[in-house]
Amino acid sequence: MKKSILITALFSLLFISAQSQILKPIKWSYAAKKTGANTATVFIKATIDQGWHLYSQFVKDGGPVKTTFSFKPSKEYSLVGTTLEPKPITKYEDTFKMDVKYFEHSVIFQQKIKTNGKTAVVKGTVESMVCNDKQCLPPEEVNFSVAVK
């Protein structure tokens, strides 16, 4: 009996330890605002933990993984133009031996859409990579869904 309790306790500690080491320095949130009868803007916000940075959509080849948005095709809406971003910080990074563009603290990306009805649900994925001054995390892909009403 004591042996099984000890084994259970050890596995629990290992599981908790493994879970506590998963870094999630970026939190995504989504919103949409109607801008006309059949138009809207989808807002995709990244809140970035202190000391970390998220790369721009416009990083040259040979550098870190750039932020990329993929929107699922739908009969409910169509994209208008490309996903916009504010002006990023540009800085030389030794790790990549090049100037890179990135954001700190938070950034809001915007995608204009044309709706084919009064409402739509915009679905897609965002792939991104974050780094701090000591490490880069592997690229992560996150699904999103935004209701446009």
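So, a few notes on the structure that sits alongside this text. (Residues numbered from 1 in each chain as written. Predicted model: local features only at pLDDT ≥ 70, side-chain atom pairs only at ≥ 80, totals over all residues. Heavy atoms only, no water.)

**Details of the packing of aromatic side chains**
The geometry of two aromatic rings is summed up by the distance between their centres and the angle between their planes.
Working step 1: Per the stated rule, a full pass over the model turns up 6 aromatic pairs.
Working step 2: On the numbers, 5.9 Å between centres and 85° between planes, the contact of Phe-103 with Phe-109 is edge-to-face. Across the pair, exposure class does not vary: Phe-103 and Phe-109 are buried alike.
Working step 3: Three or more aromatic residues joined by ring pairs form one cluster here, namely Tyr-30, Phe-71 and Phe-144. (Phe/Tyr/Trp six-rings, centres within 6.5 Å; stacked < 30°, edge-to-face > 60°. Buried < 20%, exposed > 50% of the residue type's maximum accessible area, 1.4 Å probe, protein only.)

**Some remarks on the sheet that holds strand 7 (residues 98-103)**
Working step 1: The sheet built from 4 strands is open, its strands ordered 6-7-3-10 with antiparallel pairing. The sheet is open, and its two edges are formed by strand 6 (89-93) and strand 10 (130-131), each paired on a single side.
Working step 2: Inspection of the sheet shows strand 3 (residues 53-55) paired to strand 10 by 2 bridges, in the antiparallel sense. Its bridge partner being in strand 10, Leu-54 is matched across the sheet by Val-130. (Pairing = 2+ DSSP bridges. Helix = DSSP H or I, 4+ residues; strand = E, 2+ residues; numbered from the N terminus.)

**Structural notes on the pattern of salt bridges**
Working step 1: Counted under the stated rule, the structure contains 2 salt bridges.
Working step 2: When the shortest N-O distance is used, the salt bridge between Lys-24 and Glu-140 registers 2.6 Å. With a gap of 116 residues between them, Lys-24 in the loop between helix 1 (2-20) and strand 1 (26-36) and Glu-140 in strand 11 (residues 140-148) connect regions that are remote in the sequence.
Working step 3: Under the relative-accessibility criterion, Glu-140 is labelled partly exposed at 27%.
Working step 4: Put simply, Asp-49 and Lys-27 hold a salt bridge, and the shortest N to O gap is 3.3 Å. Placement of Asp-49 in the loop between strand 2 (39-48) and strand 3 and of Lys-27 in strand 1 is noted, with a sequence separation of 22 residues between them.
Working step 5: Given a relative accessible area of 44%, Lys-27 falls into the partly exposed group. (Salt bridge = Lys/Arg side-chain N within 4 Å of Asp/Glu carboxyl O.)

**Concerning the nonpolar core**
Working step 1: With 25 residues, the main nonpolar core has Trp-28, Ile-44, Ile-48, Leu-54, Phe-109 and Val-122 as its most contacted residues.
Working step 2: Secondary structure elements with two or more residues in this core: strand 1, strand 2, strand 4 (68-71), strand 8 (106-115), strand 9 (120-128) and strand 11.
Working step 3: When residues in this core are grouped by element, the largest group, 5 residues, is from strand 2.
Working step 4: If we ignore the near neighbours within four places in the chain, the residues touching Ile-44 are Trp-28, Ser-29, Tyr-30, Phe-69, Phe-71, Val-107, Ile-108, Phe-109 and Phe-144.
Working step 5: Listed in part, the 8 residues of the second largest apolar core include Val-59, Phe-96, Val-100 and Met-129. (Core = buried A, V, L, I, M, F, W, Y, C linked by side-chain atoms within 4.5 Å. Contact = heavy atoms within 4.5 Å.)

**Considerations on the state of the cysteines**
Working step 1: This model, assessed by the stated rule, comprises 1 disulfide.
Working step 2: The partner cysteine of Cys-131 in its disulfide is Cys-136, sulfur to sulfur 2.0 Å. Where Cys-131 bonds to Cys-136 through sulfur, the torsion about that S-S bond is close to 110°, and the disulfide is right-handed.
Working step 3: Overall, Cys-131 belongs to the buried group, its relative accessible area being 1%. (Disulfide = S-S within 2.5 Å.)

**Here we look at the sheet that holds strand 9**
Working step 1: The strand order 4-9-11 describes an open sheet built from 3 strands, whose pairing is antiparallel. In this open sheet, the two strands that pair with only one neighbour each are strand 4 and strand 11. Across the sheet, the mean angle from the axis of one strand to that of its neighbour is 25°, orientation sign disregarded.
Working step 2: Two elements, strand 4 and strand 9, share 4 bridges in a ladder whose sense is antiparallel. Bridge pairing in strand 9 places Ser-70 opposite Thr-125. (Axes fitted to C-alpha atoms, helices over the stretch in contact; angles between N-to-C directions.)

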